[in-house]
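Working through the structure, step by step
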Amino acid sequence: VISTAAILTARPGAIVVTSSTPLWYTTRATGLVALVLLTLSMALGLASSLRFQSQEWPRFVTLGLHRNVSLLALAFTVIHVLTTVLDNFVAIPLQDAFVPFIGTYRPLWVGFGAIGFDLMLALIITSLLRVRMTLRAWRLVHWGSYLCWPVAVLHGLGTGTDTPVRWVLLLTAACVLPIVALTVWRLAQAWPSRPVAAAAGIVMILATLIAGTAWLRSGPLAPHWSVRSGTKTAQAHKSAQAGQAANGTSSTGQ
Amino acid sequence: VAVAMTGRHELRVNPIKCDAHGVCIELLPELIRSDPWGYPIIAPGPVPSQLLPLAKRAVADCPTLALLLTSGR
């Protein structure tokens, strides 16, 4: 998606430098791969929580896959973060990857990514140290996965360059629906012992789905999202002008 | 063939924490079998060294952290 800021600041005939660097492509690609892996990890975690097993699929397979897929998801997320920081197409310093909402580029939507990344690190570190922790403490942190995954999805939809692309939307739907189904199943399983919490959970999921779809239609899928997504435009303009002054041809700042 | 022992590691289960998930029984059938209700029964004695990696995995993968590997002499 060619940024509106770049179009606005570019003079006719000027060379517009947009998302053409390998790092930026890597950021977009690893983001999508990380989403798929994180979804797979979440699904395996839920399957484990549901005590899923069969003759061909013992429980240790679910757990082993869950662990390895989670580590792989972290690896791709680390690459995603590093390429985002190293690429100078948009100015996202390293601290923005850890501390949410402090940046200038789409702070809210990049911030959700930071929250997800922090949670991922906490989830993986506590799971690696699990045998040295109390079950209670580990479980408390691991409940964070129910926040980590939705926040990651929101980050992807809110700031993903490729969100409006049909197959990316379909991929996101293919990630969201199984997790919703498995979580509802998990809540239904908890119904007999905790009916209020289970009902509240199911209502919250449905409300989030409806609100999320409405937001998606009026937000990232509606025109001019790059303008409305909260990038501090004054700064973007300034850096764009500085860029033009520096080399006379290009403009930056999506 | 003599079975090598390494520092006499022993497996123990905490029956209060155990919730009969059965993961340890799947991972280490050589030493852990199931009772009629799915709870683990652990073979007495030290863990043979060649089974130690699996024993460690069973400990790490126990959903309720009810399995312990002790290195008592």
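Quick caveat, the model's predicted, so the values are computed rather than measured.

**Structural notes on the overall build of chain B**
Broken down by element type, chain B carries 2 helices and 4 strands. Of the regular secondary structure in chain B, the N- to C-terminal order runs β-α-β-β-α-β. Residues classed as buried in chain B amount to 41% of the 73 residues present. Taking the intrachain contacts of chain B between residues at least 6 apart in sequence as the baseline, contacts between residues at least 24 apart amount to 60%. For chain B, the computed accessible surface area is about 4200 Å², with 60% contributed by carbon and sulfur atoms.

**A word on unusual backbone geometry**
The phi angle of most residues is negative, glycine excepted, and most peptide bonds adopt the trans form. Residue and element names in this part refer to chain A. The phi dihedral of arginine 51 is positive, around 60 degrees, even though this residue is not glycine. On the secondary structure map, arginine 51 appears in the loop between α2 (22-49) and α3 (59-86). Judged by relative accessible area, which is 34%, arginine 51 ranks as partly exposed. Positive phi outside glycine occurs at arginine 106, with the angle close to 40 degrees.

**Observations regarding the interface of chain B and chain A**
Listed as interface residues are 14 residues of chain B and, on the opposing side, 14 residues of chain A. For the pairing of chain B and chain A, the buried interface totals around 1200 Å² over both sides, and the portion due to carbon and sulfur atoms is 49%. For the pair chain B and chain A, the number of links is 2 salt bridges. Measuring nitrogen to oxygen at the nearest pair gives 2.8 Å for the salt bridge that ties aspartate 19 of chain B to arginine 51 of chain A. Put simply, chain B and chain A have 11 residue pairs in polar contact (both at pLDDT 80 or more) between them. Partitioning the side of chain B that touches chain A into residue classes produces 8 nonpolar, 2 polar and 4 charged.

**Focus on the packing of aromatic side chains**
Residue and element names in this part refer to chain A. Using the criterion set out here, one finds 6 aromatic pairs over all chains in the structure. For the pair phenylalanine 101 and phenylalanine 112, a centre-to-centre distance of 5.9 Å together with 90 degrees between the ring planes defines the contact as edge-to-face. Taken together, the residues span a long stretch of sequence, with phenylalanine 101 in the loop between α3 and α4 (107-128) and phenylalanine 112 in helix α4 at a distance of 11 residues. Assessed through its relative accessible area of 42%, phenylalanine 101 is described here as partly exposed.

**A short note on the pattern of salt bridges**
Taken as a whole and judged by the stated rule, the model has 5 salt bridges over all chains. Taking the shortest distance from any N to any O, the salt bridge between glutamate 10 of chain B and arginine 8 of chain B comes out at 3.7 Å.

**Description of the confidence of the model for chain A**
Residue and element names in this part refer to chain A. Per-residue confidence for chain A gives a mean pLDDT of 87; residues scoring 70 or more make up 83%. With pLDDT under 50 throughout, residues 1-17 is counted as low confidence; its partners more than four residues away or in other chains account for 30 contacts. Contacts from residues 242-254, a stretch scored under 50 in pLDDT, to residues over four places away or in other chains number 35 contacts.

**Concerning the side chain of threonine 62 of chain A**
You can see threonine 62 of chain A is positioned in helix α3. If sequence neighbours within four positions are ignored, threonine 62 of chain A has contacts with Leu44, Ala47, Ser48, Phe52 and Trp57 of chain A.

Cut-offs used in this document
- Residues numbered from 1 in each chain as written.
- Chains lettered and ligands numbered in written order.
- Predicted model: local features only at pLDDT ≥ 70, side-chain atom pairs only at ≥ 80, totals over all residues.
- Heavy atoms only, no water.
- Helix = DSSP H or I, 4+ residues; strand = E, 2+ residues; numbered from the N terminus.
- Buried < 20%, exposed > 50% of the residue type's maximum accessible area, 1.4 Å probe, protein only.
- Contact = heavy atoms within 4.5 Å.
- Areas by Shrake-Rupley, 256 points an atom, 1.4 Å probe, with all protein chains shown as cover.
- Buried area = accessible area lost by both parts, 1.4 Å probe.
- Salt bridge = Lys/Arg side-chain N within 4 Å of Asp/Glu carboxyl O.
- Polar contact = N/O pair within 3.5 Å; in protein donor to acceptor, adjacent residues only side chain to side chain.
- Nonpolar A, V, L, I, M, F, W, Y, C, P; charged D, E, K, R; others polar.
- Phe/Tyr/Trp six-rings, centres within 6.5 Å; stacked < 30°, edge-to-face > 60°.
- pLDDT = per-residue confidence, 0-100.

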